[in-house]
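Per-entry structural report
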Amino acid sequence: MRRKHRILLLFLCMVVLFAMATYLVGDFTIIKGVNAIETTGAEMDMRQLRRHFRAVEAHLSGLVVDWACWDEIYSYVASNKNQEFLKKYFNELSMKKLLLHSAAIFKEDGHLDSFTDVHGQNHDATFFKEEIAQVTKLAHFIYASEIDTLVGFLQIQDCPFVIAVHRIFDSNKQKRTNALLILTSAFNREYIEETQHMVDYDFSILPPKAFSHIKEGAIQGTPYKITYDDDTTHIYSLVHDVFGDAAFCLELRRQRTIAALGMRMSRHNFFLMLILGLSFLLASLTFLHRTEKSIARRELERRLHRDPLTDLANRTVIPQGVADTMATADKNGHLAGVFFIHLNRLKEVNDSYGYDRGDELIREVATRLLHHASPGFVARSGGDKFLVAAEITHQSQCESLANSLIDSLLSPFVINDDEVHIGADIGVALYPAHGKDARQLVHRAELAMFEGRARGNNMTAFFSKDIEVRAARKLKLESSLYEALESEALSVHYQPKVRVASKDVAGCEALVRWQGKDGKFIPPPLFIPLAEECGLVTQIDMFVLRTACRQVKQWHKEGLAVPVAVNMSTRSILSPGFCDTVLDILREENVPPTLIDLEITETCFMSNMEAALTIIERLHGEGLHFALDDFGTGYSSLQYLSSMPISCLKIDKKFVDDIFSGKKTAQALIKSILSLASNLGMTTVSEGVEDRGQLDFLLANGASVIQGYLFSKPLNAEDCTTFLRESHSRISSVMDVPANCHATT
Ligand code: C2E
Ligand code: CA
Ligand code: CA
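Cut-offs and rules
- Residues numbered from 1 in each chain as written.
- Chains lettered and ligands numbered in written order.
- Predicted model: local features only at pLDDT ≥ 70, side-chain atom pairs only at ≥ 80, totals over all residues.
- Heavy atoms only, no water.
- Donors = N, O, S within 2.8 Å, 3.2 Å for Na, K, Ca; no water.
- Helix = DSSP H or I, 4+ residues; strand = E, 2+ residues; numbered from the N terminus.
- Buried < 20%, exposed > 50% of the residue type's maximum accessible area, 1.4 Å probe, protein only.
- Phe/Tyr/Trp six-rings, centres within 6.5 Å; stacked < 30°, edge-to-face > 60°.
- Lys NZ or Arg CZ within 6 Å of the ring centre and 35° of its normal.
- Core = buried A, V, L, I, M, F, W, Y, C linked by side-chain atoms within 4.5 Å.
- Near = heavy atom within 4 Å.
- Polar contact = N/O pair within 3.5 Å; in protein donor to acceptor, adjacent residues only side chain to side chain.
- Areas by Shrake-Rupley, 256 points an atom, 1.4 Å probe, with all protein chains shown as cover.
- Nonpolar A, V, L, I, M, F, W, Y, C, P; charged D, E, K, R; others polar.
- Salt bridge = Lys/Arg side-chain N within 4 Å of Asp/Glu carboxyl O.
- Pairing = 2+ DSSP bridges.
- Axes fitted to C-alpha atoms, helices over the stretch in contact; angles between N-to-C directions.
- Patch = residues over 30% accessible without salt bridge, like charges linked within 9 Å, V, L, I, M, F, W, Y side chains within 5 Å.
- Lys, Arg positive; Asp, Glu negative; His and termini not counted.
- Charge placed at Lys NZ, Arg CZ, Asp CG, Glu CD.

Digging into the coordination of the calcium ion (ligand 2)
Octahedral metal centres with six donors ideally show angles of 90 or 180 degrees, and tetrahedral centres with four donors ideally show 109.5 degrees. At this site the calcium ion (ligand 2) is bound by Glu509 (OE), Asn567 (OD1), Glu599 (OE) and Asp629 (OD), with donor distances of 2.1 to 2.3 Å. Here the donor residues of the calcium ion (ligand 2) are spaced in sequence according to E-x57-N-x31-E-x29-D. If you look at the calcium ion (ligand 2) and the calcium ion (ligand 3), they sit 4.2 Å from each other and are both ligated by aspartate 629. Of this pair, glutamate 509 sits in strand 18 (residues 504-515) while aspartate 629 sits in strand 22 (residues 625-631), placing them 120 residues apart in sequence. Here glutamate 509 falls in the buried class, since its relative accessible area comes to 4%. Among the residues examined, aspartate 629 registers a relative accessible area of 7% and is labelled buried.

Structure, rendered in structure tokens:
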């Protein structure tokens, strides 16, 4: 799962949890709170109801007291049968007015004397019997208890009554009789409705067992029980009758308006929170999206502008980095230096240790450059090229910075516990002297670097106008060379190699010639390195090989059987398919390999020993001979000589030139090479022999084959054919000239 999705899921869970928590907490607190409020309210309602009943009791009690103390009733009870009194007060109308249901008078002997019942006709006989029985029971209860007054409830056949009992006195309470007056008032429908109207809630009267069936406990400190429906609160209270038994249960119902309000609030809260949560989620999503976009943009920018290996600025940022350095220099009244750095021998490190180690080395290079160029701008221009731009106060500071950069790269790098030396060439361009445009400065520093590189390894070169002119010329040369390859402007000249003792030609060296548009020959040392740089050299070498093959065949036809040596650049030898191409050409031109020698240089072993050995061995196996050209100028190693199938050493012209130049080492070197070759069973060719003195020195020290202007310059095919035909006389004519007085042994 992607990071974004995980965060999203987390946010979603948070919102859901938040909403649930809001819901639960809201519900819980609201319901608890509402229940508490409603419980208190209900309890107060119940108390009010009970107070109302008390008021009814008080009313009845007042009535019964009044009557029981009247002289009239007293006299009625005492004088026995004052029927007028009953007719006057205990008629239905006046009882109704007084909200009475029944009135009973008990005589002093405890017998029921009179019983007036307002609803007598409505109740059935059983009820009436029961009513009288209950009233009589109450009268006996009073007689037994000696109390004068009792007010309370009494249940007669599930119908609750308020009842009041009083002993009958005279009005001054002087004369007490044993007679009783009992008044009852039933909770009839009107009564209930009237009560409801007064207190604004519903109530009902239930049988006492209803109370015991309610599971809810009594409200703390009260004799009430309470239950809740969704929209109604029920509170129950048990009412005891005058005998102390449970008489009935009062149920009071109340609309749960506060609960409904609370629930509405809770829902509003919940939705509010849900909307808030969702808005938060949306905001987070937008934020996340934006963050992701900006991370992606930053990453893209980083990739566009940073080198992934070193995290230095890459080539796209170089112009800006240099321009910034120039701007700072301007502001501070300083100069700026642009240093184009080309590492040496990175390819060898990659070949020998692998690309991972090569990458490590590049990272280490970046670290060293950052350290030495600080606070300057450092970038990797690509592959083995780096660039530094730094503010400087004076040109001499520029030189010392260049030196310190080179020194930092000259100190060894440790790879797999080996100390590896690579070094670098640096080209420097100064601002504002060498340009006022960042791109131009970078380009000029690079040109200077190429110049330094051409002069040798680990060089610092400052830009100059000459460099630019030369570079432009080189560029022109390069494009002309492409044209030359296509327009047959290239040809091959041959230089004979003379076997002095037998005065004949041991072979010829094929040398490429390029005739410019102006008819002048462009010398190979000018264009061969360029062809190597731009990858054209293999094409040139193969052209020379094919031309040489055709010439060999031609000479062969004319009875002039001489082998021809063809120069092979290291780049050609190590190019893919080299062996096959060479053998294909020989086959196509139908030339036996033994008539072709290949001249190679030591650089071929230096760049990739193993590959070179494989190639040389294969071609040698096919019959080709190899000569080691310019021997002694490179990293001459006896190892190549012993392990490679090389049959000839070519002593470089440089040594021959120096034979009489006063450099003693030259003579010693030539002698050593000649004896080395003889000891290894190799032939030698001494190159660049121009005078008799050199010839004699060489011959005296064991040289046998000579190549040089002394016998012949490189000749075109026609002139060389003539030379071959007249070789004996031409060689003799040279040999017959008296020896130069410089010749020594
Ligand atoms: P190299 O292979 O050492 O060839 C010998 C060079 O010395 C030739 O120069 C030749 O003309 C010159 N030379 C020979 N004897 C004398 C002498 O007595 N005095 C003087 N001053 N020079 C002498 P050239 O033809 O200019 O070739 C220069 C170099 O160019 C060659 O050096 C070789 O490295 C390269 N080259 C020439 N042709 C080819 C080619 O077809 N393929 C490749 N790869 N390189 C070539
Ligand atoms: Ca050569
Ligand atoms: Ca040579």
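Let's talk about the coordination of the calcium ion (ligand 3)
In the first shell of the calcium ion (ligand 3), the protein supplies Asp629 (OD), Asp630 (OD), Glu687 (OE) and Glu687 (OE), at 2.1 to 2.6 Å from the metal. Mapped onto the polypeptide sequence, the residues donating to the calcium ion (ligand 3) form the spacing pattern D-D-x56-E. Exposure remark for aspartate 630: the relative accessible area of 26% places this residue in the partly exposed category.

Considering the packing of aromatic side chains
Two aromatic rings, taken as a pair, are described by how far apart their centres are and by the angle between their planes. Per the stated rule, a full pass over the model turns up 12 aromatic pairs. Arranged with centres 5.5 Å apart and planes meeting at 50°, the rings of phenylalanine 85 and tyrosine 89 form a pair that is tilted. With phenylalanine 85 and tyrosine 89 both in helix 3 (residues 83-89), this residue pair falls four residues apart, about one helical turn. This pair shows no difference in class: phenylalanine 85 is buried, exactly as tyrosine 89 is. Members of the aromatic cluster, each reached through a chain of ring pairs, are Trp67, Tyr76, Phe85, Tyr89 and Phe90. Here the guanidinium or amino end of lysine 225 rests over the ring plane of phenylalanine 211, the centre of that ring lying 4.7 Å away.

Considerations on the nonpolar core
Counting residues in each nonpolar core, the largest one holds 85 residues, and the members touching the most others are Phe605, Leu619 and Phe711. Within the second largest apolar cluster, 42 residues are counted, among which are Val77, Ala179, Leu181 and Val239.

Observations regarding the site of ligand 1
The local shell around ligand 1 holds 22 residues, among which Arg513, Asp541, Asp629, Glu690 and Tyr709 are the closest. Glutamate 687 is positioned with one of its side-chain polar atoms (N or O) 3.2 Å from an oxygen atom of ligand 1. Taking 790 Å² as the accessible area of ligand 1 by itself, protein coverage stands at 82%. At the level of elements, strand 18, helix 15 (524-533), helix 16 (537-557) and strand 22 are the ones that each hand at least two residues to the shell around ligand 1. A total of four residues in the shell around ligand 1 trace back to one element, the largest contributor, which is strand 18. For the shell around ligand 1, the residue count by class is nine nonpolar, five polar and eight charged.

A look at the pattern of salt bridges
When charged atoms on two side chains of opposite charge get close, those side chains can pair. Summed over all chains, the structure comprises 36 salt bridges. Between arginine 453 and aspartate 425 there is a salt bridge, with the nearest N and O atoms lying 2.7 Å from each other. Of this pair, arginine 453 sits in helix 13 (residues 438-455) while aspartate 425 sits in strand 15 (residues 424-431), placing them 28 residues apart in sequence. In this structure arginine 453 comes out as partly exposed when scored by relative accessible area, which is 29%. Between arginine 499 and aspartate 504 there is a salt bridge; the shortest N-O distance is 3.1 Å.

Things to note about the sheet that holds strand 9 (residues 246-255)
With antiparallel pairing, the four strands of this open sheet are ordered in space as 6-9-8-7. Here the strands that pair on one side only, and so sit at the sheet edges, are strand 6 (202-206) and strand 7 (224-228). Each neighbouring strand pair of the sheet contributes to a mean axis angle of 20°, computed without reference to strand direction. As judged from the five bridges shared by strand 7 and strand 8 (residues 232-240), these two strands associate in the antiparallel manner. Looking at strand 8, one finds that threonine 227 is bridged to histidine 234.

Observations regarding a positive patch on the surface
A surface patch of positive charge is lined by Arg290, Lys293, Arg297 and Arg298. Following the sequence through the fold, arginine 298 ends up in helix 8 (residues 257-305).

Shape descriptors only; they carry no functional weight alone.
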